[in-house]
Amino acid sequence: MDPMKALIPLPTQPPPGCPFSPPQEYTELRIEHPVSRVSMPDGSWAWLLTRYSDIRSALSDPRFSSDVNAPGFPRSGMVTAGEGSSLIRTDPPEHGRRRRMLTHSFTVKSVSALRRRIQQITDQLCDEMEKQKRKDGPDGSVDLVRSLALPLPSLVISLLLGVPYEDRALFQSITATVLSRVNTEDERTTARKELRAYLDHLVAGKEADPGDDILSELVHERMREGQLTREEVTGTATLLLIAGHETTANMIGLGALTLVRNPRAADELREDPSLMPGAVEELLRFHSITRSGPRRAAIADVEVGGQPIKAGEGIVCAVASANRDPEQFPDADTVDIRRRNAQHHIAFGYGVHQCLGQSLARAELEISLNTLLTRFPELRLAVEFAEVPFRSDMLVYGCHALPVTW
Amino acid sequence: MKISIDTDNCCGAGQCVLIAPEIFDQDDDGIVILLDPTPSDEMHDAVEDAIAICPADVIHVE
């Protein structure tokens, strides 16, 4: 590579007029420079990986560290302050020890047991949508993000963690600040500190008055036994709270919008709900909402896709590119709810850090989309598609709002 | 086909349970349990899928 040639900046924006497409640069990079040096917002550089096979091999390679304090970790544009104690920033074997304290709450079985509750919450939120629509008359519209996509996962994770849902305005607005590309590093750090202070206060409350929830369990069974520090408990709670509502919320919005624009797929799903789990995998693949990573730092010299990467250099894995790699997914830019290998997507990441809450996310997506399809078969956008505000300014992609009617 | 699993390195993602619940389950801590180490022929595709998807690469066949 010509060292004098200016590096391309880390691609973050969808092509103009194509909000469902990942950054256009990926297509060429996958073919020409699948492991490519890119410049980061702060002027540093990192390796950008764009191929499915390379990203999978890097994310399962122990020579790449998740520790943000490892030399060369690409921190630019991420919020890393106070994140050192977070599970997702920990390497094996410590990572496994910490993760196993939580896995039992998110097993396929535990999530199955929650399904009825998730359905009830979804039904109540849909009742509210109907009420609001009736009140507003025939021309009324409802913002699907505010009325269902965001409150459903927020309510469920609050319930599981033991966070009072009345405090949602606080944690939702803090999360929005933390995940914004347009806010400054200082603003994001401040927001993160606020959230930690809030959760610290909550942890103290659980010490005195435990409930039947994850946070109480961590405090009483782990912190008191000396297996976790208070800071680690707060760090875990921060991670679960942010990851638990923001990601699924955006997938519900994008999933609903995709089905509204694909009436044939919507009809097929209404006729045969057993297609829904596969459709959810395909929607996860197609949208790949995590747009800032995962990121790692090499702690030894590694070769990825023929490219040597030295210890102390950082990588950014473009999951949205991997999931559109035609080598892995033929006709990758088309939504095919019957795609045979859709579940091979890496929208939940890959390797030991793969999303802990993926079964819960799947259940929330299946139930919410299924309910929308059956209760509102006439569901449609209340604005032009071009007017939908997409979250190209955020680290997690989606819609800021989704005005719908029926 | 004879399946073996490496429970020490299982990260409890649960994908194998979704793909082949006849073959794989999770214990109370989310760690993989092998229900049937020698599945019938018609299950082989599902097992291959589970192997390909397992994020921690802990399912192996002989």
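Up top you'll find the structure we're talking about.
Computed from a predicted structure; not experimentally measured. (Residues numbered from 1 in each chain as written. Chains lettered and ligands numbered in written order. Predicted model: local features only at pLDDT ≥ 70, side-chain atom pairs only at ≥ 80, totals over all residues. Heavy atoms only, no water.)

Peer 1: I keep staring at the sheet that holds strand β1 (residues 8-9) of chain A and nothing clicks. Help me out?
Peer 2: Picture the strands of a sheet paired through backbone hydrogen bonds; they go either parallel or antiparallel. Residue and element names in this part refer to chain A. Read from one edge of the open sheet, 6 strands run β1-β2-β3-β9-β6-β4, paired in mixed fashion. Looking at strand neighbours, the two that pair on one side only are β1 and β4 (64-65), the edges of this open sheet. In this structure, β1 lies alongside strand β2 (residues 35-39), joined through 2 bridges in parallel fashion. Directly across from P9, in β2, lies its bridge partner S39. (Pairing = 2+ DSSP bridges. Helix = DSSP H or I, 4+ residues; strand = E, 2+ residues; numbered from the N terminus.)

Peer 1: How should I be thinking about the pairing of strand β9 (residues 314-317) of chain A in this particular structure?
Peer 2: It is a general feature of regular strands that their side chains alternate between the two faces of the sheet. Residue and element names in this part refer to chain A. Residues G314 and V316 of β9 are buried on one face, and the alternating residues I315 and C317, pointing to the opposite face, are buried as well. Judged from the 3 bridges that link them, strand β3 (residues 45-49) and β9 form a sheet pairing that is parallel. Looking at the pairing, W47 lines up with I315 of β9. Sheet analysis places strand β6 (residues 295-298) next to β9, joined by 3 bridges and oriented antiparallel. Following the sheet pairing, R295 is matched in β9 by V316. (Buried < 20%, exposed > 50% of the residue type's maximum accessible area, 1.4 Å probe, protein only.)

Peer 1: Explanation requested: the packing of helix α12 (residues 276-287) of chain A against helix α14 (residues 358-375) of chain A in the structure shown.
Peer 2: Residues and elements named next belong to chain A. For the pair α12 and α14, the least separation of the axes is 10 Å and the interaxial angle reads 110°. What the angle tells us is that α12 and α14 run roughly perpendicular. In this structure, α12 crosses over α14, and the sense of that crossing is right-handed. Within the contact between the two elements, α12 uses M276, P277, V280, E281, L283 and L284 and α14 uses R362, L365, E366, L369, N370 and L373. Among the residues forming the contact of α12 with α14, the class breakdown is 8 nonpolar, 1 polar and 3 charged. (Axes fitted to C-alpha atoms, helices over the stretch in contact; angles between N-to-C directions. Parallel < 35°, antiparallel > 145°, perpendicular 65-115°, else oblique. Left-handed = near helix turned anticlockwise from the far one by under 90°. Contact = heavy atoms within 4.5 Å. Nonpolar A, V, L, I, M, F, W, Y, C, P; charged D, E, K, R; others polar.)

Peer 1: Looking at this structure, I do not really get the nonpolar core. What am I missing?
Peer 2: Soluble, globular proteins show a tendency: their nonpolar side chains are buried together. Counting 86 residues, the largest nonpolar core has A:L257, A:F390 and A:L402 as the members making the most contacts within it. By residue number, the principal contributor to this core is helix α10 (residues 230-260) of chain A, which donates 12 residues. In this structure, A:L257 is in contact with A:F20, A:L381, A:F385, A:V388, A:F390, A:C399 and A:L402, ignoring residues within four places of it in sequence. One finds B:A13, B:C16, B:A20 and B:V47 within the second-largest nonpolar core, a separate group that totals 23 residues. (Core = buried A, V, L, I, M, F, W, Y, C linked by side-chain atoms within 4.5 Å.)

Peer 1: Teacher, can you tell me more about the interface of chain A and chain B here?
Peer 2: Interface size is commonly expressed as the accessible surface area that is lost when the partners come together. Listed by partner, the interface residues are 19 residues for chain A and 25 residues for chain B. For the pair chain A and chain B, the summed buried area comes to about 1,800 Å², and 45% of that belongs to carbon and sulfur atoms. Among the residues chain A hides against chain B, the three largest losses belong to A:R100, A:V108 and A:Q343. Together they make up 30% of the total. At the boundary of chain A with chain B, the tally comes to 2 salt bridges. A salt bridge links B:D49 to A:R340; its shortest N-O distance comes to 3.4 Å. Between the two partners, chain A and chain B, sit 16 residue pairs in polar contact (both at pLDDT 80 or more). Looking at the side of chain A that touches chain B, the elements that each hand over two or more residues are α4 (108-136) and α14 of chain A. Tallying contributions element by element places α14(A) first for the side of chain A that touches chain B, with 3 residues. (Buried area = accessible area lost by both parts, 1.4 Å probe. Salt bridge = Lys/Arg side-chain N within 4 Å of Asp/Glu carboxyl O. Polar contact = N/O pair within 3.5 Å; in protein donor to acceptor, adjacent residues only side chain to side chain.)

Peer 1: What is the right way to read the sheet that holds strand β10 (residues 380-381) of chain A from this model?
Peer 2: Residue and element names in this part refer to chain A. Sheet architecture is open: 3 strands sit in the order β5-β11-β10, paired in antiparallel fashion. On the outer flanks of this sheet lie β5 (142-143) and β10, each paired with one strand and no other. Bridging between β5 and strand β11 (residues 403-405) involves 2 bridges; their strand directions are antiparallel. Residue V142 lies in a different strand from β11, and its bridge partner there is V404.

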